[in-house]
Amino acid sequence: MPLPEAFDYAEPDGMELAVGDQVAAPLGPRLLRGVVVGLREATGGNRPLKPVDRRLDEPPLPANTLEFVQWAARYTVDNPGQVLAIALRGARAPKPRPVRLVRPTGAQPARSTPARTRVLEAAGQPAPAAVLAQAAGVSAGVVRGLIDEGVLEVFEIIPEASFDAPDLSRPGSALNASQAAAAGLLNEMLDEGGFNVALLDGVTGSGKTEVYLETAAHALAMDPMAQVLILLPEIALTQAVIGRVAARFGVQPGEWHSEVAPPARRRVWEAVAAGRCRIVVGARSALFLPFANLKLIVVDEEHDGSFKQEEGFIYQGRDLAVVRGKIEQAAVLLASATPSLETLRNAETGRYRWLRLSSRHGVAQLPQIELVDLRSTPPASGCWLSPPLVQAIGETLARGEQTLLFLNRRGYAPLVLCRACGERMTAPDTDSWLVEHRYSGRLVCHLTGFSMPKPERCPHCGAQESLVSIGPGVERVEEEARQLFPDARIAVFSSDTMFDAREARRLVEAMTAGEIDVLVATQAAAKGHNFPMLTLVGVVDADLGLRGGDLRAAERTFQLLAQATGRAGRRDRPGKALLQTYAPEHAVMQALQAQDRDAFVAAEMEERELAKLPPFGRLAAVIASGPDLVQLEAFMREMAQVAPNAGGVEVYGPADAPLALVRGRRRKRFLVRADRGVDLSAYMATWRARVKPPAAIRVAIDVDPYSFL
Ligand code: ADP
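Remember, predicted model here, so these are calculated numbers, not experimental data.

> Help me understand the overall build of the protein chain in this model?
Assigned secondary structure in the protein chain consists of 21 helices and 29 strands. In terms of overall size, the protein chain behaves like a compact globule, its C-alpha atoms giving a radius of gyration of 29 Å where 709 residues would be expected to give roughly 27 Å. Its C-alpha atoms give the protein chain principal-axis dimensions of roughly 90 × 75 × 65 Å. Here the protein chain, with 709 residues, has 51% of them falling under the buried criterion. A sequence separation of at least 24 residues applies to 76% of the contacts in the protein chain between residues at least 6 apart.

> I would appreciate a short explanation of the packing of aromatic side chains in the present structure.
Geometrically, a pair of aromatic rings is defined through the distance of the ring centres and the angle of the planes. Per the stated rule, a full pass over the model turns up eight aromatic pairs. Between F558 and F600 the ring centres are 4.6 Å apart and the planes differ by 15 degrees, which places this aromatic pair in the stacked class. With a gap of 42 residues between them, F558 in helix α17 (residues 553-565) and F600 in helix α19 (residues 597-611) connect regions that are remote in the sequence. With respect to class, F558 is no different from F600; both count as buried. Aromatic rings pair up to connect F68, F288, F313 and Y315 into one cluster. A cation over a ring is seen here: R103 above F155, with NZ or CZ 3.7 Å from the ring centre. Directly above the ring of Y412 sits R438, whose terminal nitrogen or CZ lies 3.8 Å from the centroid.

> Sorry if this is basic, but what is going on with the site of the ligand here?
The environment of the ligand is formed by 17 residues, the closest being A174, Q179, K208, T209 and R244. In the environment of the ligand, an oxygen atom lies 2.8 Å from a nitrogen or oxygen atom belonging to the backbone of K208. Taking N530, its side chain carries an N or O atom lying 3.0 Å from an oxygen atom of the ligand. Taking 550 Å² as the accessible area of the ligand by itself, protein coverage stands at 84%.

> For this particular structure, what's the right way to read the environment of F155?
Locating F155 in the fold gives a position in strand β5 (residues 152-157). Looking at F155, the relative accessible area reads 15%, which means it is buried. Each C-alpha atom of the pair F155 and A183 lies 50 Å from the other, and the pair is 28 residues apart in sequence. Ignoring sequence-local partners within four residues, the contact set of F155 consists of V99, R100, L101, V102, R103 and P126.

> I keep staring at the sheet that holds strand β3 (residues 54-55) and nothing clicks. Help me out?
Within a beta sheet, neighbouring strands are joined by backbone hydrogen bonds and run either parallel or antiparallel to one another. Strand order in this open sheet of three strands is β2-β1-β3, and the pairing throughout is antiparallel. Each edge of the open sheet carries a strand with a single partner, namely β2 (30-35) and β3. Here strand β1 (residues 22-27) runs beside β3; their pairing, made up of two bridges, is antiparallel. Note that in β3 the partner of A24 across the bridge is R54.

> Explanation requested: the sheet that holds strand β19 (residues 442-444) in the structure shown.
Strand order in the open sheet formed by three strands is β18-β19-β20, and the pairing between neighbours is antiparallel. This sheet does not close on itself; its edge strands, each paired only once, are β18 (435-437) and β20 (451-453). On average, each strand axis in the sheet is inclined to that of its neighbour by 30 degrees, with strand direction left out of account. The pairing of β18 with β19 spans three bridges and is antiparallel. Counted as the bridge partner of H437 is R442 from β19.

> What's the story with the packing of helix α1 (residues 63-76) against helix α2 (residues 80-87) in this structure? I'm lost.
Geometrically, a packed helix pair is captured by the angle between its two axes and the distance between the axes. Here α1 crosses α2 at 135 degrees, and the two axes come no closer than 8 Å. One element, α1, and the other, α2, form an angle in the oblique class. Where α1 crosses over α2, the two elements pack in a sense that is right-handed. Packed against α1, whose contacting residues are L66, V69, A72 and A73, the element α2 presents P80, V83, L84 and A87 at the interface.

> Would you take a moment to explain the pattern of salt bridges for this structure?
Side-chain pairs of opposite charge can arise whenever the charged atoms involved come near each other. Within the structure shown, the criterion is met by 41 salt bridges. The salt bridge involving R266 is made with E270; its shortest N-O contact spans 3.1 Å. Here R266 and its partner E270 are both found in helix α10 (residues 262-274), four residues apart, which amounts to about one turn of the helix. Look at R266 and you get buried, because its relative accessible area is 5%. Using a relative accessible area of 25% as the deciding quantity, one classes E270 as partly exposed. Between R399 and E401 there is a salt bridge, with its nearest N and O atoms 3.1 Å apart. Among the residues examined, E401 registers a relative accessible area of 6% and is labelled buried.

> How do you make sense of the packing of α17 against helix α18 (residues 587-594) when you look at a structure like this?
Close contact between α17 and α18 brings their axes to 10 Å; oriented N to C, the two are set at 30 degrees. If you check the angle between α17 and α18, you find them roughly parallel. Read as a crossing pair, α17 and α18 show a hand that is right-handed. Across from A554, T557, F558, L561 and A562 in α17, the residues of α18 making contact are V588, M589, A591 and L592. In terms of residue class, the contact of α17 with α18 is built from eight nonpolar, one polar and no charged.

> Quick question: what am I supposed to make of helix α11 (residues 317-328) here?
For an α-helix, the turn length of 3.6 residues means that residues three or four places apart are oriented alike. Across its twelve residues, α11 extends 16 Å between first and last C-alpha, which sits within 8% of the 16 Å expected from 1.5 Å per residue. Counted residue by residue, α11 has ten buried out of twelve residues, so it is predominantly covered. Residues of α11 that are buried include every one of G317, R318, L320, A321, V322, V323, R324, G325, I327 and E328, and no others. The N-cap residue of α11 is Q316: its side-chain oxygen and the backbone nitrogen of R318 are 3.0 Å apart. Downstream of α11 by a residue or two, Q329 has a phi angle that is positive, lying close to 55 degrees.

> Please explain the environment of S358 as it appears in this structure.
Topologically, S358 is positioned in the loop between β14 (353-357) and β15 (368-373). Since its relative accessible area comes to 63%, S358 is described here as exposed.

How each quantity is defined
Residues numbered from 1 in each chain as written. Predicted model: local features only at pLDDT ≥ 70, side-chain atom pairs only at ≥ 80, totals over all residues. Heavy atoms only, no water. Helix = DSSP H or I, 4+ residues; strand = E, 2+ residues; numbered from the N terminus. Rg over C-alpha atoms; globule rule 2.2 N^0.38 Å. Buried < 20%, exposed > 50% of the residue type's maximum accessible area, 1.4 Å probe, protein only. Contact = heavy atoms within 4.5 Å. Phe/Tyr/Trp six-rings, centres within 6.5 Å; stacked < 30°, edge-to-face > 60°. Lys NZ or Arg CZ within 6 Å of the ring centre and 35° of its normal. Near = heavy atom within 4 Å. Polar contact = N/O pair within 3.5 Å; in protein donor to acceptor, adjacent residues only side chain to side chain. Areas by Shrake-Rupley, 256 points an atom, 1.4 Å probe, with all protein chains shown as cover. Pairing = 2+ DSSP bridges. Axes fitted to C-alpha atoms, helices over the stretch in contact; angles between N-to-C directions. Parallel < 35°, antiparallel > 145°, perpendicular 65-115°, else oblique. Left-handed = near helix turned anticlockwise from the far one by under 90°. Salt bridge = Lys/Arg side-chain N within 4 Å of Asp/Glu carboxyl O. Nonpolar A, V, L, I, M, F, W, Y, C, P; charged D, E, K, R; others polar. Expected span 1.5 Å × (residues − 1).

Structure (structure tokens):
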């Protein structure tokens, strides 16, 4: 529970509790799961403590995991109970259900028949009764008769994933010279032992994954109990990496993300705690698993904004990975083709080791990047693909190669408006446009999940057939591509056309196998993947991320487009990327075209340094929301008045949040900027403690914010 601190309980005689033990303890009228975080002698008598009810027969939380939970809660100015709940997610999941199997007892049947003999012959391996009957070609009654007679017996087992030890004798890929040099330095870092961080900074397709699999192999070989955690920003990417890990080590790694079914989650959790599961591939929350002996954490695509969890417990997974590494005295390897400025700064100042891979593996070349100026070569009216891009797609199809059309916008159209009265369709009680989805025929709010069928008449003025779709989403680009290239095999890859991880894997496999000619995709497909026949990337709206920009808009756009264009030409065929833009002179577009990341980073760093923004300063945000504007404004004024005075800290606000209304709640924000040396978490905690928000007002603190909505 989101409790701000641990509660005291008495330890019943003889229970012999230890720190980390999971227990049942009373809270009010209920018995709840808790974890022992400390033990001390009772100083005697002010008030009697309630006793712990019992110790649960479950793995204790390792001391390091507990320390990490407490550290994370303090840093994020959140309640330790909330973080602990995440660390216990696997322990709280339902146990895998036992299966009932039958096996021979050794007793002889009183009466022997051919059917019974066949059953006994087939019963060498324990099996469910129905399976045994089928294998022996007999009716279920025959098996039941043998059970009743005591010739066969029924027993229950809980199926366990084996999590076999990785096979370290399998050879990895033969590394090229620069890969081998990087791998060698990383092995040295592991040999030194203890906490170290390295940045593996390699262009797309340079073989970063190959290198970190070697590093993982080295870590696993150094210590027969060593565990390795590989973190990825997207579920779709975990699927691809699980395949590569399985191929490299001959075993399935533990898989951990929101779509893993609860019983499987529980198995992974317990196997990680017991040290049986040695490799975990997962999304950010895998950081909170109870590792017994973690030696290496890999954060792949470390720059990716998806490592930031924005709801509930707000944290930056990449940053917490470094903290976990420190607590575990483990090595941390951050990999990216476009590292975050935060990480680059740490590499520049020598805090992190910096390993660069500057070319693609083998004959593969980085794609040639061209800017398509939409002012001089606009698409036809009502269309989104410009003549140069259409021509390039045609040529790519003619060569039998694949195209990726990248547009970071789900659905068909981001806005529906009424031609008659100008009404823009918005979600009720929320400041955000409804996005049209043609597949489902609905208008959807991407913020709250609200959806409704697309109405026939304008709900505002009642005009018939007046609603028009404005702007493109992936579905609309797909429609245009189908009209232009009716014979091409075209598919859409976006988080709402893929229902689950399996569907994502199927699309990735189809694309890899060359069964798709044109893939229209949001960022879900634009990162990390290797599609051997993909030679053309068309970025439909390169300017999208620059609009309504926040501090990281340019950096993020550069990273995303470098990733997306980096999908092209990853094998022997040269790749090309066309960026459609209205601002070809913009620094981001120029840097992408020139493939000059360093110049872009240098310019961006200079701006951040002048403004003392991250990585040269620190930020935190307060977001307060409530149903009543007057009450919220009064609360924000009160908060502003009690903001602590501290050197090197500036508080901006209160201001309306850009999303000023969500689900009927008004939203307002403060932004806090601090110099690097300031303990911003302590500052925020002090501030927070000075106000007591009314029950209707929620206050969230976001340390190191990435979203400024
Ligand atoms: P990155 O992670 O840097 O984008 P990958 O590790 O995915 O790069 O490598 C890109 C492609 O090149 C993959 O298909 C990979 O299997 C291949 N590759 C990279 N290095 C080697 C190598 N040393 N031997 C064989 N194939 C390699």
